[in-house]
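# Examination of the molecular architecture
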Amino acid sequence: SGREQFREFIMGTQAVVLASGTPCTQLLADDCLTVCAPHPVDVERRRVYYDPVGKMNYQERERTIDIMAERIVELHRKYNRSTLIHCHSYPIADRLGNAIYDLGVRAMWVERKEREESIERWKAAEDACLVSVACEEGLDLPGICQDPMHPERDIDKNKYPLNVIAKVPFLPYKSDEWTEKRKAADNLLPAERRWENVSVALAIQQAAGRCTRGPGDFSETYILDSSFEWFYKRNFNLFESWFKDALCKVVR
């Protein structure tokens, strides 16, 4: 669970500060206090929209993907800039990317063996969707860049205005032995301390922050997988106030 290792790591210290916009301290310790700082980006510049088009579980994703591709193309054409799509798995990325391409929008993929290079190619492109895997964290996409020769001049304003969560990042139903044992241990814990619940909530919130990196940025995040609703309601306390403030439901 990490608790024993964390205790050993901090042994002898009086206090430890963990700095994160999406903390999961409850996995490591019970004796902690939370300090909430104001979010540096105005909520109107980082909205998250729950806009369900269907379930993306194994049984229903084939029926959902074509509908989802149409919705992503519709959203992409609102800006025609660089759209980031979180797919969670390579099979979903392949299928969804091809469906988007068939609708006349350029799709680019995160390649397994050329991960950084494929991301850089997309960043250099214009008017393209990146169907990504494992880009929920570690990817910095500021909407406003500066010209190094003229720091006072902003360029590429709102280059990444659209961020799409196509699949809620649940763990595989069946996985490796370690994951299966971890799931079994999870069932003995309260919901807010279960590794699987925390990791899914963390990944959703991390994904929502990829394209709004500073006060002058603007982006919209759309969650299209309808499985998000029950997970959010069941694990409401695992979501940070900045995410709850930004979340809206699309009503058609």
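Structural data are supplied above this passage.
Presented here is an overview of the structure given in this document. (Residues numbered from 1 in each chain as written. Predicted model: local features only at pLDDT ≥ 70, side-chain atom pairs only at ≥ 80, totals over all residues. Heavy atoms only, no water.)

### Regarding the sheet that holds strand E8 (residues 220-225)
Whether parallel or antiparallel, the strands of a sheet pair through hydrogen bonds between backbone atoms. Our working definition: Two strands qualify as a pair provided DSSP detects at least 2 bridges between them. Only DSSP runs of H or I with at least four residues qualify as helices, and only runs of E with at least two residues qualify as strands; both kinds are numbered from the N terminus onward. As a rule, the C-alpha atoms of each element are fitted with a line to give its axis, helices using only the stretch in contact, and angles between N-to-C directions run from 0 to 180 degrees. Any two residues having at least one pair of non-hydrogen atoms within 4.5 Å are treated as being in contact.
The seven strands lie next to each other as E3-E4-E2-E7-E8-E1-E9, forming an open sheet whose pairing is parallel. Two strands in the sheet have a free side with no partner beyond their single neighbour: strand E3 (107-109) and strand E9 (247-249). The mean angle between the axes of side-by-side strands here comes to 25°, regardless of whether they run parallel or antiparallel. The pairing of strand E2 (residues 82-86) with strand E7 (residues 162-165) spans four bridges and is parallel. Bridged to leucine 84 within E7 is asparagine 163. Running over the sheet, helix H2 (residues 61-79) touches strand E1 (48-54), E2, strand E4 (128-132), E7 and E8 and is turned about 170° from E8.

### Quick look at helix H7 (residues 227-234)
Note the cut-off: With a 1.4 Å probe rolled over the protein chains alone, any residue whose accessible area is under 20% of its type maximum counts as buried; one over 50% counts as exposed, and the rest are partly exposed. Directions drawn from the helix axis to the C-beta atoms are what define this arc.
Listed in full, the buried residues belonging to H7 are Ser227, Phe228, Phe231 and Tyr232. One face of H7 carries all of its buried residues, which in axial projection span an arc of 125°. Seen from the open side of H7, the exposed residues pointing more than 90 degrees away from its buried face are Lys233 and Arg234. Where the residues of H7 are buried, they touch E1, helix H6 (195-208), E8, helix H8 (241-246) and E9.

### Description of the pairing of E2
With five of its five residues buried, E2 lies for the most part within the structure. The alternating pattern of E2 places Ser82, Leu84 and His86 and Thr83 and Ile85 on opposite faces, both of which are buried.

### Description of the nonpolar core
For the record, the criterion: As used in this record, nonpolar core signifies buried Ala, Val, Leu, Ile, Met, Phe, Trp, Tyr and Cys residues forming a set joined through side-chain atoms within 4.5 Å.
Ranked by internal contacts, the top residues of the largest apolar core, which has 26 residues, are Met68, Ile72, Ile85, Cys87, Leu96, Ile100 and Leu224. Broken down by element, this core gets its largest block of residues, six residues, from H2. Residues Val168, Ile204, Leu238 and Ala246 belong to the second largest nonpolar core, which totals 22 residues.

### Observations concerning empty space enclosed by the protein
As a reminder of what qualifies: Any residue with an atom within 4 Å of a point lines the site, the site being either a cavity, points on a 1 Å grid over the protein atoms alone where a 1.4 Å probe fits but cannot get out, or a pocket, an open set with protein on both sides within 12 Å along at least 5 of 7 lines. Grid points are joined across faces, edges and corners, and a volume is the space filled by probe spheres set on the points. Only Asp, Glu, Lys and Arg are considered charged, only Ala, Val, Leu, Ile, Met, Phe, Trp, Tyr, Cys and Pro nonpolar, and every remaining residue, Gly among them, polar.
Enumeration according to the criterion identifies one cavity of 30 Å³ or more in this entry. Lining the largest cavity, in full, are His86, Cys87, His88, Glu136, Ile165, Lys167, Pro169, Ala203, Ile204 and Ala207. Per-class residue counts for the lining of the largest cavity are six nonpolar, two polar and two charged.

### Digging into the environment of arginine 106
Assignment of secondary structure puts arginine 106 in the loop between helix H3 (90-102) and E3. Residues within four places of arginine 106 in sequence aside, it is in contact with Ala125, Glu126, Asp127, Ala128 and Cys129.

### Some words on the side chain of arginine 210
We apply this condition: Asp and Glu are treated as the negative residues and Lys and Arg as the positive ones, with His and the ends of the chain left uncounted. The working definition used for a salt bridge is a side-chain nitrogen of Lys or Arg within 4 Å of a carboxyl oxygen of Asp or Glu. In protein, a polar contact means a hydrogen-donor-capable atom and an acceptor-capable atom, both N or O and within 3.5 Å, with residues adjacent in sequence counting only if both atoms are side-chain atoms; elsewhere, any N or O pair within 3.5 Å suffices.
Relative to the elements of secondary structure, arginine 210 occurs in the loop between H6 and E8. Buried within the structure, arginine 210 lacks any salt-bridge partner; its nearest side chain of opposite charge belongs to aspartate 140, at an N-O separation of 5.8 Å. A polar side-chain atom of arginine 210 sits 2.9 Å from the main-chain carbonyl oxygen of glutamine 206. With sequence-adjacent residues up to four places away left out, arginine 210 is seen in contact with Leu84, His86, Cys135, Glu136, Glu137, Gly138, Leu139, Asp140 and Leu141.

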